[in-house]
Amino acid sequence: MRVGIGYDVHRLVEDRKLILGGVEIEHTLGLLGHSDADVLVHAIMDALLGAAALRDIGQHFPDTDPAYKGIDSMKLLANVKELLLKEGYVIENIDATVIAQQPKIGPYIEQMRENIAKVLGVELSQINVKATTEERLGFTGREEGISAQAICLLQSLYDASAAVAGTEKSCQTCAGCKRTEVS
């Protein structure tokens, strides 16, 4: 098993959409960034990439590349999922926190969880999203920006196959697994 931690922050500005977890949230300000600036999804991607020792989102999706200008971060998350499968990892769970004074995102959390679970191909129960304020302290408390933190647990497909092989079930080749049999 491998654990990863992710963090992201973006400035709140006028004339931008506010997108968190793939959900457009009604607000007077939006997040500034090269992509759609979805801090929640960016933190989750960094946690996943970190757990697999695949560096960070800037390495895979640089903000200097025009291909990623304004891109939907959920598309980038789908690419991260493919990288994980290629390396032989499956997601056990993700726990993430959005830190924002405003807007209140409680009403949007279930849709965020559903969006993330769908893109990653995991059960809803494997994704947790929560929100907090910083009691008007710091840049998030002053409503200058929004940040997000995420932690994840990955398991190697090989380890999962070996565990299944040790039970009454026979081991089959897993999609994306680097091994074809377990002894």
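For the structure, see preceding data.
Residues numbered from 1 in each chain as written. Predicted model: local features only at pLDDT ≥ 70, side-chain atom pairs only at ≥ 80, totals over all residues. Heavy atoms only, no water.

Some words on the pattern of salt bridges
Phase 1: In this structure the tally under the stated criterion is five salt bridges.
Phase 2: Glu24 is the partner of Lys17 in a salt bridge, and the nearest nitrogen-oxygen pair spans 3.9 Å.
Phase 3: Overall, the relative accessible area of 51% leaves Lys17 in the exposed class.
Phase 4: Where Asp95 meets Lys130, a salt bridge forms, and the shortest distance between an N and an O atom there is 2.6 Å. Note that Asp95 is positioned in strand β5 (residues 89-99) and Lys130 in strand β6 (residues 127-132), a separation of 35 residues in sequence.
Phase 5: According to the relative accessible area criterion, Asp95 is partly exposed, its value standing at 26%. (Salt bridge = Lys/Arg side-chain N within 4 Å of Asp/Glu carboxyl O. Buried < 20%, exposed > 50% of the residue type's maximum accessible area, 1.4 Å probe, protein only. Helix = DSSP H or I, 4+ residues; strand = E, 2+ residues; numbered from the N terminus.)

Focus: unusual backbone geometry
Phase 1: Backbone torsion omega between Gln102 and Pro103 reads -5 degrees, so that peptide bond is classified as cis.
Phase 2: Here Pro103 lies in the loop between β5 and α4 (109-120).
Phase 3: Positive phi outside glycine occurs at Asp15, with the angle close to 65 degrees.
Phase 4: Relative to the helices and strands, Asp15 is located in the loop between β1 (2-13) and β2 (18-20).
Phase 5: Residue Asp15 is classed as exposed on the basis of its relative accessible area of 77%.
Phase 6: A positive phi angle is found at Glu143, which is not glycine, with a value near 60 degrees.
Phase 7: Locating Glu143 in the fold gives a position in the loop between α5 (138-141) and β7 (145-156).
Phase 8: In this structure Glu143 comes out as partly exposed when scored by relative accessible area, which is 28%.

These results come straight from atomic positions and should not be treated as a statement about function.
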